[in-house]
Amino acid sequence: MALKAGIVGLPNVGKSTMFNAITKKEILIANYPFATIEPNVGVVEVPDERLQFLKELYSPKNLVPTTFEFTDIAGLVKGASSGEGLGNKFLSHIRVVDAICEVVRCFEDKSVTHVEGSTDPVRDVEIINTELIIADLEIVENRLGKIQKKAETTKDKDALFEVAVLTKALNALEKSMPLRLIDFSEEERLVLKNFSFITLKPLIYVANVDEETLVMGENEHTKALIEYANREGSQVIMMCAKMESELASLDDEEKKMFLSDVGVEKSGLDQLILASYKILDLETFFTVGADEVRAWTYTKGMNAKKCAGIIHTDFEKGFIKAEVMSYEDLYKYKDEKVVKENGRLRLEGKDYLMQDGDICLFRFNVSK
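Residues numbered from 1 in each chain as written. Predicted model: local features only at pLDDT ≥ 70, side-chain atom pairs only at ≥ 80, totals over all residues. Heavy atoms only, no water.

1. Notes on the overall build of the protein
Assigned secondary structure in the protein consists of 15 helices and twelve strands. By the burial criterion, 49% of the 368 residues in the protein qualify as buried. Taking the contacts inside the protein whose residues are at least 6 apart along the sequence as the reference set, 69% of them involve residues at least 24 apart. Looking at the protein as shown, the accessible area adds up to about 18,900 Å², and 49% of this sits on carbon and sulfur atoms. (Helix = DSSP H or I, 4+ residues; strand = E, 2+ residues; numbered from the N terminus. Buried < 20%, exposed > 50% of the residue type's maximum accessible area, 1.4 Å probe, protein only. Contact = heavy atoms within 4.5 Å. Areas by Shrake-Rupley, 256 points an atom, 1.4 Å probe, with all protein chains shown as cover.)

2. As for the nonpolar core
The biggest cluster of nonpolar side chains holds 58 residues, and the ones touching the most others in it are Met 18, Phe 68, Phe 70, Ile 94 and Leu 272. Looking at this core, the element that brings in the most residues is helix α4 (residues 121-154), giving six residues. (Core = buried A, V, L, I, M, F, W, Y, C linked by side-chain atoms within 4.5 Å.)

3. Remarks on the side chain of Glu 244
Mapping Glu 244 onto the fold places it in helix α9 (residues 241-248). The buried charged residue Glu 244 lacks any salt bridge, with Lys 255 as its nearest oppositely charged partner at 6.0 Å. (Lys, Arg positive; Asp, Glu negative; His and termini not counted. Salt bridge = Lys/Arg side-chain N within 4 Å of Asp/Glu carboxyl O.)

4. Looking at the sheet that holds strand β5 (residues 99-105)
Spatially, six strands are ordered β2-β4-β1-β5-β6-β7 in an open sheet, and the strand pairing comes out mixed. Either end of the sheet is taken by a strand with one partner, and the two such strands are β2 (40-45) and β7 (235-239). On average, adjacent strands in this sheet sit at an angle of 25° to one another, irrespective of strand direction. Strands in contact with helix α11 (residues 268-279) are β1 (4-8), β2, β4 (67-72), β5, β6 (203-208) and β7; relative to β7, the strand with the most contacts, it is inclined by about 160°. (Pairing = 2+ DSSP bridges. Axes fitted to C-alpha atoms, helices over the stretch in contact; angles between N-to-C directions.)

5. Things to note about the packing of helix α5 (residues 157-174) against helix α6 (residues 186-193)
Two elements in contact, α5 and α6, have axes whose closest approach is 10 Å; the angle formed by their N-to-C orientations is 85°. As far as their axial angle goes, α6 and α5 are roughly perpendicular. Taken together, the residues of α6 that come into contact with α5 (itself represented by Phe 161, Glu 162, Val 165, Leu 166, Lys 168 and Ala 169) are Glu 187, Glu 188, Val 191 and Leu 192. Partitioning the contact of α5 with α6 into residue classes produces six nonpolar, no polar and four charged. (Parallel < 35°, antiparallel > 145°, perpendicular 65-115°, else oblique. Nonpolar A, V, L, I, M, F, W, Y, C, P; charged D, E, K, R; others polar.)

6. Some thoughts on the confidence of the model for the protein
With 90% of its residues at a pLDDT of 70 or more, the protein has an overall mean of 87. Across residues 25-38, confidence stays below pLDDT 50; counting only partners more than four residues off in sequence or on other chains, it has 41 contacts. Taken as a whole, residues 83-87 scores under 50 in pLDDT and shows nine contacts with residues more than four places along the chain or in a different chain. (pLDDT = per-residue confidence, 0-100.)

7. Examining the environment of Lys 334
With respect to the secondary-structure elements, Lys 334 resides in the loop between α14 (327-333) and α15 (336-341). Discounting residues that sit within four places of it in the chain, Lys 334 has contacts with Phe 53 and Leu 57. At a separation of 2.3 Å, a polar atom in the side chain of Lys 334 contacts the main-chain carbonyl oxygen of Tyr 331. (Polar contact = N/O pair within 3.5 Å; in protein donor to acceptor, adjacent residues only side chain to side chain.)

8. A few points about the side chain of Glu 188
Mapped onto the fold, Glu 188 is located in helix α6. Engagement of the side chain of Glu 188 in a polar contact is seen with the side chain of Lys 168, the distance being 3.2 Å.

9. Topic: α4
The end-to-end C-alpha separation of α4 is 49 Å, in line with the 50 Å expected for 34 residues at 1.5 Å each. At Ile 147, α4 is bent by approximately 35°, the largest bend along its length. Directly beyond the C-terminal end of α4, a positive phi value near 60° is found at Lys 155. (Expected span 1.5 Å × (residues − 1). Bend = angle between axes of the 7 residues up to and from the residue.)

Pasting the structure below:
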């Protein structure tokens, strides 16, 4: 499933440094605004400790983790919604991502220019969020201007519903409230989906800190950011982009030793990847065997038939049954046969809702 998160923020907050670490790619990093103009895209593996156990159990020829896509979008500035700093182009790049990772500078360093002249995470967040709100507001106003009178004249049911939904969105945006904080029904969200509203997308704040703050756990800037995020129910991931760049060049064992030495349990990037995966309601099922052990991404709430289609359209078209065991049961019994002997291997139909960690063998038949 080609879902992706966009990395946004003011210029010089550490977005591109973080992106380099995420993808182990070398892209332009410069101490001036707009070093990134076209978005850089990178695909990363989703860290999953379950794959190591499955690898040891099956010794497959191929081990395929599930992946997630990150897009590094150029730094936004005050006035971006009206075209400042190539803002309109950058905003269009944000519209096509599924989630937003907003990088916020939470460190002091006189050698790294801050576009606003000082470090103030709440101010920076409000600059970005205001520009995104204004951009969405413009779309709502333009659309209402086109359909409102027509809907009221024709009394068309669908048009009137669209006007009601957009008016609800308009009222929120005019109060500087991102649409993700508004309670929309499933039917209302189907209407909003047509417009790719930026502020409707799920969001994670990434506090870019120095190494000392990462080890200590907080500083005055991170405290302010966390308080702000808590008020709107958003998550904050602490990360030292500089340290993550160093970690990117290490193998897994060296990485574990490095993190242990500095007293950090899990890298910020691993936390970010997992958090991005989670806010999009993504989960993982597995297929296993001697040829291949593979992790597959699906959206929470999908049934077995739809998940079979992720592997191949024929699997969905000719779906019969799914043989399913949980990762927990396989880990407990260490053998598929023992799982079956203990009555933990199940046959599930097309409407079975897949669970994170399910290990599946899909039975299907496509007539010629």
